Amino acid sequence: MQALALGAKVYATGSAASRDAIEALGAHFIDYRSSTVDDYVAEHTGGAGFDIVYDTVGGATLDASFKAARMYGGHVVSCLGWGTFALSPLTARAATYSGVFTLLPLLSGQGHARHGAILREANKLIEAGKLKVRLDPRRFTLRTAHDAHAAQMDGSARGKLVVEVED
């Protein structure tokens, strides 16, 4: 929640089961299953839309993100911009979109210095207690890595999953 650490007001969508975890991170919880995009945009922004919408799911969630962006200047960022989506709701709001392929520096060998700088800034926030990495309490080994994958796929993971590599 680097945005919170920098003073932003943060909202996060999730299911009712994720409410406590979202609120523990300091974000305002929005139950996307019981509220439409139009409803929660009206409730939390007076219908104006959010300045920045960060999508980590893709598909239909990315489509919903386009509808949630603020008119004239809203921006949607997605690290999983997969699927077939319609840009018309975003275009109609005069908002913008960026897709971020987070593995590109690793795969291409380019941009290491920039990403190193980002990680150093994140580390400063961690050291100051303003940024916390949420870890699932379970630990996995290479032998049980399939269980970690299953937890990710079935939605039971509650934070980052750790797979310990033994010597």
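Above this text is the structure in question.
Residues numbered from 1 in each chain as written. Predicted model: local features only at pLDDT ≥ 70, side-chain atom pairs only at ≥ 80, totals over all residues. Heavy atoms only, no water.

Looking at the pairing of strand E6 (residues 135-141)
Summarising the sheet, E6 and strand E7 (residues 160-164) pair through four bridges and their orientation is parallel. Paired with Leu135 across the two strands is Lys160, which belongs to E7. Handedness of the E6-helix H8 (residues 145-154)-E7 crossover: right-handed. (Pairing = 2+ DSSP bridges. Helix = DSSP H or I, 4+ residues; strand = E, 2+ residues; numbered from the N terminus. Right-handed = clockwise from strand over helix to strand, strands pointing away.)

What about the sheet that holds strand E3 (residues 52-55)?
Strand order across the open sheet formed by three strands is E3-E4-E5, with parallel pairing between neighbours. Each end of this open sheet is capped by a strand with a single partner; those strands are E3 and strand E5 (96-99). Averaged over neighbouring strand pairs, the angle between their axes works out to 15° when direction is ignored. The pairing of E3 with strand E4 (residues 75-78) spans four bridges and is classified as parallel. Residue pairing for E4: Val53 is matched across the bridge by Val76. Contacting E3, E4 and E5, helix H4 (residues 60-68) crosses the sheet at an angle of about 180° to E3. (Axes fitted to C-alpha atoms, helices over the stretch in contact; angles between N-to-C directions. Contact = heavy atoms within 4.5 Å.)

What about unusual backbone geometry?
Look at Tyr72: it is not a glycine, yet its phi comes out positive at around 55°. Within the secondary structure layout, Tyr72 lies in the loop between H4 and E4. One non-glycine residue, Ala94, lies in positive phi territory at about 55°. Within the secondary structure, Ala94 sits in the loop between helix H5 (88-92) and E5. Accessibility expressed as a relative area gives 37% for Ala94, which makes it partly exposed. (Buried < 20%, exposed > 50% of the residue type's maximum accessible area, 1.4 Å probe, protein only.)

Things to note about the pattern of salt bridges
Oppositely charged side chains can pair when the atoms bearing their charge come close. In total, this model carries four salt bridges according to the counting rule given. Across the pair Glu23 and Arg19 runs a salt bridge, and its minimum N-O distance is 3.0 Å. Linking Glu23 with Arg19, this pair stays in helix H2 (residues 19-24), spanning four residues, or about one helical turn. Assessed through its relative accessible area of 40%, Arg19 is described here as partly exposed. A salt bridge links Asp51 to Arg70; the shortest N-O distance between them is 2.5 Å. Residue Asp51 is found in the loop between helix H3 (37-45) and E3, and its partner Arg70 is found in the loop between H4 and E4; the two are separated by 19 residues along the sequence. Accessibility expressed as a relative area gives 47% for Asp51, which makes it partly exposed. (Salt bridge = Lys/Arg side-chain N within 4 Å of Asp/Glu carboxyl O.)

Brief notes about the packing of aromatic side chains
Following the criterion strictly, the structure yields two aromatic pairs and no others. Note on Phe66 and Tyr97: the rings are 5.6 Å apart at their centroids and 85° apart in plane angle, and the pair reads as edge-to-face. Taken together, the residues span a long stretch of sequence, with Phe66 in helix H4 and Tyr97 in strand E5 at a distance of 31 residues. (Phe/Tyr/Trp six-rings, centres within 6.5 Å; stacked < 30°, edge-to-face > 60°.)

Side note on the nonpolar core
Inside soluble globular proteins, nonpolar side chains tend to come together where they are buried. Ranked by size, the top nonpolar core spans 14 residues in total, and within it Val37, Tyr40, Val41, Phe50, Ala68, Val76 and Leu90 carry the most contacts. Counting residues per element, the ones that place at least two in this core are H3 and H4. Among the elements that line this core, the one with the most residues is H4, at four residues. In terms of nonpolar packing, the next biggest core, distinct from the first, is built from five residues, Val10, Ile22, Ala27 and Phe29 among them. (Core = buried A, V, L, I, M, F, W, Y, C linked by side-chain atoms within 4.5 Å.)

Structural measurements only, silent on function.
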